[in-house]
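The primary structure of each chain is shown beneath.
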Amino acid sequence: MDPFLDEQQQSGSGFDIGELWRAFWRRKLLFFVPFLLCLSMAAVVIKTMDPIYASSGQIEVKFDHFRSRLLTDPSQAYGRTRNIGREILNDMNNLLTSPRFLQAAARDIGMDQGAKAHALATTGEEIDDDTAAFRAASRLNRMVRIEGRSQTIYELIVRADNPHEAHQVAKGVMTRFITEY
């Protein structure tokens, strides 16, 4: 007879921890096998995964709030106040993902020289400057993103395999981004 079937309650029986433990012990494989399977899969993933480092910098955008109702009021161009943050994030994201900005930032950091060296080491052929800048800009585009933390504070995040590279790229991209934005 299965102890989990609904039976009429006996008065005074209450909660029996021993019965619960015996039921658990009878069905121990239902608990331990999935637990060990998940644990072993997690161990394999952790051991084979490359570490990823992130470096970031915060940008605070300051702008004047106008309370006038004039047509020449620049705050009216964006609509209501809460939409200004979205517009600024959209503008920053457009600048950050533009090919011209990415290629210039990659050249500033020296990633184009790294792309030339990588192409020479893997294929044995030398590539021209424009191809190297394009490859470095593609790699930089995958590494960099910008997120809004509040209406006026934004965070530029760089993810890389090497902590030194993440810091150098974040520093170079942030400097270039501030001068252009």
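Refer to the structure above for everything that follows.
Residues numbered from 1 in each chain as written. Predicted model: local features only at pLDDT ≥ 70, side-chain atom pairs only at ≥ 80, totals over all residues. Heavy atoms only, no water.

**Student:** How should I be thinking about the side chain of Ser-55 in this particular structure?
**Tutor:** Along the chain, the position of Ser-55 falls in strand β1 (residues 53-60). Beyond its immediate sequence surroundings of up to four residues, Ser-55 is in contact with Leu-156, Ile-157, Val-158, Ala-166, His-167 and Ala-170. (Helix = DSSP H or I, 4+ residues; strand = E, 2+ residues; numbered from the N terminus. Contact = heavy atoms within 4.5 Å.)

**Student:** Just checking my understanding: could you explain the side chain of Lys-116 for this structure?
**Tutor:** By the secondary structure assignment, Lys-116 is in helix α5 (residues 111-123). Lys-116 gets classed as buried once you look at its relative accessible area, which sits at 18%. Not counting residues up to four positions away in its chain, the partners in contact with Lys-116 are Ile-127, Asp-128, Asp-129 and Ala-132. (Buried < 20%, exposed > 50% of the residue type's maximum accessible area, 1.4 Å probe, protein only.)

**Student:** What is the right way to look at the sheet that holds strand β2 (residues 144-148) in this model?
**Tutor:** Pairing in this open sheet of 3 strands is antiparallel, and the strands run β1-β3-β2 from one edge to the other. Because the sheet does not close on itself, it has two edges, and the strands there are β1 and β2. Neighbour-to-neighbour, the strand axes of the sheet open up by a mean angle of 25 degrees, direction not taken into account. Sheet topology places β1 next to strand β3 (residues 153-160); 8 bridges connect them, and they run antiparallel. Note on β3: the bridge partner recorded for Gln-58 is Glu-155. Where helix α6 (residues 129-143) meets the sheet, its contacts fall on β2 and β3, and the angle it forms with β2 comes to roughly 35 degrees. (Pairing = 2+ DSSP bridges. Axes fitted to C-alpha atoms, helices over the stretch in contact; angles between N-to-C directions.)

**Student:** Mind showing me how you'd approach the pairing of β3 here?
**Tutor:** Successive side chains on a regular strand alternate, one facing one side of the sheet and the next facing the other. Counting buried residues along β3, 6 of its 8 residues qualify, which places the element largely inside the surrounding structure. Where β2 meets β3, 5 bridges bridge the pair, whose relative direction is antiparallel. Bridging across to β3, Gly-148 finds its partner in Tyr-154. Taking the residues between adjacent antiparallel strands as the criterion, β2 and β3 are bridged by 4 residues.

**Student:** Which parts of the structure should I look at to understand the pattern of salt bridges?
**Tutor:** When the charged atoms of two side chains with opposite charge come close together, those side chains can pair. Applying the stated criterion to the full structure yields 11 salt bridges. Across the salt bridge formed by Asp-16 and Arg-22, the nearest N and O atoms sit 3.9 Å from each other. A relative accessible area of 43% means that Asp-16 is categorised as partly exposed. Across the salt bridge formed by Glu-147 and Arg-145, the nearest N and O atoms sit 2.9 Å from each other. Since its relative accessible area comes to 25%, Glu-147 is described here as partly exposed. Shared partners join several salt bridges into a network, and the residues in it are Arg-100, Asp-108, Arg-176 and Glu-180. (Salt bridge = Lys/Arg side-chain N within 4 Å of Asp/Glu carboxyl O.)

**Student:** Would you explain the packing of helix α4 (residues 99-109) against α6 in this entry?
**Tutor:** Packed helix pairs are characterised by how far apart their axes lie and by the angle those axes make with each other. Relative orientation of the contacting elements α4 and α6 amounts to 100 degrees, with a least axis distance of 8 Å. When the axis of α4 is compared with that of α6, the two are roughly perpendicular. Contacts between α4 and α6 involve Leu-102, Gln-103, Ala-105, Ala-106 and Arg-107 from the first element and Asp-129, Asp-130, Ala-133, Phe-134, Ala-136, Ala-137, Leu-140 and Asn-141 from the second. Across the contact of α4 with α6, the residue classes tally to 8 nonpolar, 2 polar and 3 charged. (Parallel < 35°, antiparallel > 145°, perpendicular 65-115°, else oblique. Nonpolar A, V, L, I, M, F, W, Y, C, P; charged D, E, K, R; others polar.)

Geometry only, nothing functional implied.
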